[in-house]
Amino acid sequence: MREVPAKEITETVKDLCIEANTNLAEDVVAALNKSLAKEKSSVGRKILRQIIQNAQIARRDKLPLCQDTGLAVVFIELGQEVQIIGEALESAVHEGVRQGYEAGFLRKSVTEDPILRKNTGDNTPAILHVEIVPGAKIKIGFLAKGGGAENCSALRIFNPSTDREEIDNFILETVEAAGPNACPPIIVGVGIGGNFDTAAYLAKKALCRKVGAHNSGHAAQQWEKELLKKINLLGIGPMGLGGTTTALAVNIEKRPCHISSLPAAVNIDCHAHRFKETII
Amino acid sequence: MRAPIDDKLVAKLKVGEEVLISGKIFAARDSAHKLFGKNPPFDPKGAILFYASPTPTPPGAIIGSIGPTTATRMDPFTPDLLKLGIKIMIGKGRRSESVKAAIRKYKAVYLVVPGGVAAALSKHIKKSTVIAYPQLGPEAVLELEVANFPAIVAIDSQGNDLFEQARSAR
């Protein structure tokens, strides 16, 4: 067994919180630049330039890209040959988020109770997903998930006889309903299969893929490309003011499912796509 | 433009127009709107209201990052506030039909600012003071002093809607 102190997980999460929120990942910047070169609307180009310039200012001044520094979503792939020493894994993650949001001057946007809505004051608890995998490493992914785009997400359970076009229409309707509110250009995570909760989880996990990287399956890869084209033909454009750049990527994740169901979930992320990961 | 805003200026602002704001504006969002009722903690006459709550202020800075949140969530509270005299709202996203009707009735304007460019926008803030509801933490009401803060007219006082126009132009 490889021993890893819980403190190391806390430190890593802390750094990821700050890094993701202030330093827009290269793949997102590259996709924005590529879109700027192709965008047909002049207002659209102007907004894309503002977004790219904002990323430069945020990096230079170590300021958050967006005032909504998100709900902290942490994905851990824990090698089964790792033993965590000290605190419990979950506490170590929450502590990392607490320290990162404090040290990075990030906004605390979590309420203790969904109805009473008192702020917890330290952006915890985080949402934590753990998968046990072979090996002796720990992969930690951090996604700062803003509320505006998250609110535009949707899940529907289709009939097994449903064809792809019907699922496409659901995805397109979701993006259309999101419109300007989700801060386009967006990233669209699609989870298909599994059950109610798995579809939603897959949609979120799909967002963590690098922009421009496709599903390894040939059919899913084609589907992603076709959907991206269809979404960009909607004409919503940057900030919903019209244009050819509505989405930067469509990422699909699939999973086997029950003979009687076909769940599909769409999770949307804004252009301030703050995901970073590291391996311990 | 600069608050207090009068009906004459409101009438001049046309959908799609780019404007620069200087002077005093107020920042408030969801929880503060719930507490406002008919008594917002500032003089609403001719006021500019920005749907926003910034990140914490780093040492030596005026403010953290600040940008618009989705205005749509403030729709249920908006007609009452426009009736009290608020003239300009700044946010992102669509507004409801009832807000558009109130915009026409009370002569107001809705401006949009791109979301997610909050580091850049923070450079336009010259002063920031918490004026109410400190218990709300990041959702407290702020009085901000801004300089050349850029925005786009999304719904003008005639009810012309930039998002609708962009949609029908597709």
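Reading the values: the criteria
- Residues numbered from 1 in each chain as written.
- Chains lettered and ligands numbered in written order.
- Predicted model: local features only at pLDDT ≥ 70, side-chain atom pairs only at ≥ 80, totals over all residues.
- Heavy atoms only, no water.
- Contact = heavy atoms within 4.5 Å.
- Buried area = accessible area lost by both parts, 1.4 Å probe.
- Salt bridge = Lys/Arg side-chain N within 4 Å of Asp/Glu carboxyl O.
- Polar contact = N/O pair within 3.5 Å; in protein donor to acceptor, adjacent residues only side chain to side chain.
- Helix = DSSP H or I, 4+ residues; strand = E, 2+ residues; numbered from the N terminus.
- Pairing = 2+ DSSP bridges.
- Axes fitted to C-alpha atoms, helices over the stretch in contact; angles between N-to-C directions.
- Expected span 1.5 Å × (residues − 1).
- Buried < 20%, exposed > 50% of the residue type's maximum accessible area, 1.4 Å probe, protein only.
- Parallel < 35°, antiparallel > 145°, perpendicular 65-115°, else oblique.
- Left-handed = near helix turned anticlockwise from the far one by under 90°.

S.K.: Help me out: how do you make sense of the interface of chain B and chain A in this one?
M.R.: As a measure of interface size, the accessible area lost when the parts come together is often cited. In this complex, chain B contributes 38 residues to the contact, which on the side of chain A involves 37 residues. In this assembly, chain B packs against chain A so that about 2,900 Å² is buried in total across both faces, 57% of it on carbon and sulfur atoms. The largest share of the area that chain B buries against chain A comes from B:Arg94, B:Gly116 and B:Arg170, three residues that together contribute 18% of it. Counting across the interface, chain B meets chain A through three salt bridges. Put simply, B:Glu18 and A:Lys46 hold a salt bridge, and the shortest N to O gap is 2.4 Å. At the boundary of chain B and chain A, one finds 17 residue pairs in polar contact (both at pLDDT 80 or more). Secondary-structure elements contributing two or more residues to the side of chain B that touches chain A are α5 (118-121) and α6 (162-168) of chain B. Considering each element in turn, the side of chain B that touches chain A owes the most residues, four residues, to α6(B).

S.K.: When you look at the sheet that holds strand β7 (residues 186-194) of chain A in this model, what are you seeing that I'm missing?
M.R.: The strands that make up a sheet are held in pairs by hydrogen bonds between backbone atoms, and each pair lies either parallel or antiparallel. All names here are of chain A. Strand order in the open sheet made by the four strands is β6-β9-β7-β8, with mixed pairing throughout. Looking at strand neighbours, the two that pair on one side only are β6 (154-158) and β8 (247-257), the edges of this open sheet. Strand-to-strand twist in this sheet, taken as the mean axis angle between neighbours without regard to direction, amounts to 15 degrees. As judged from the nine bridges shared by β7 and β8, these two strands associate in the parallel manner. Looking at the pairing, Gly-189 lines up with Asn-251 of β8. Contacts from helix α7 (residues 196-207) reach β6, β7, β8 and β9 (262-269), with the element oriented near 145 degrees to β7.

S.K.: Explanation requested: helix α6 (residues 164-178) of chain A in the structure shown.
M.R.: Since there are 3.6 residues in each turn of an α-helix, residues three or four apart along the chain are aligned in direction. All names here are of chain A. The terminal C-alpha atoms of α6, which comprises 15 residues, lie 21 Å apart, in line with the 21 Å expected from a rise of 1.5 Å per residue. Among the residues making up α6, those that are buried are Ile-167, Asp-168, Phe-170, Ile-171, Leu-172, Thr-174, Val-175, Glu-176 and Ala-178. A positive phi of about 45 degrees marks Gly-179, the residue just after α6.

S.K.: What should I look at first to understand helix α3 (residues 42-61) of chain A in this one?
M.R.: Spanning 20 residues, α3(A) covers 28 Å between terminal C-alpha atoms, matching the ideal 28 Å at 1.5 Å per step. A:Gly44, A:Ile47, A:Leu48, A:Ile51, A:Ile52, A:Asn54, A:Ala55, A:Ile57 and A:Ala58 are the residues of α3(A) that are buried. Buried residues along α3(A) sit against α1 (6-22) and α2 (26-38) of chain A together with α5 of chain B. The opening residue of α3(A) is A:Ser41, an N-cap whose side-chain oxygen sits 3.3 Å from the backbone nitrogen of A:Val43. Once α3(A) finishes, A:Lys62 follows within two positions and takes phi at roughly 50 degrees, a positive value.

S.K.: Just checking my understanding: could you explain the packing of α6(A) against helix α8 (residues 218-232) of chain A for this structure?
M.R.: All names here are of chain A. Running from N to C, α6 and α8 cross one another at 45 degrees; their axes reach a closest spacing of 11 Å. Judged by the inter-axis angle, α6 sits oblique to α8. Classified by chirality, the crossing of α8 by α6 is right-handed. Facing Arg-164, Ile-167, Asp-168, Ile-171, Leu-172 and Val-175 of α6, the residues of α8 in contact are Trp-223, Glu-226, Leu-227, Lys-230 and Ile-231.

S.K.: Looking at this structure, I do not really get unusual backbone geometry. What am I missing?
M.R.: With glycine set apart, most residues show a phi of negative sign, and most peptide bonds adopt trans. Residues and elements named next belong to chain A. In this chain, Thr-124 is followed by Pro-125 through a cis amide linkage whose omega measures 0 degrees. On the secondary structure map, Pro-125 appears in the loop between α4 (89-103) and β4 (127-133). A cis geometry characterises the amide bond from Pro-184 onward to Pro-185, with omega recorded as 10 degrees. One non-glycine residue, Cys-183, adopts positive backbone phi at about 60 degrees. Note on placement: Cys-183 falls in the loop between α6 and β7.

The values reported here are purely geometric and, on their own, carry no functional implication.
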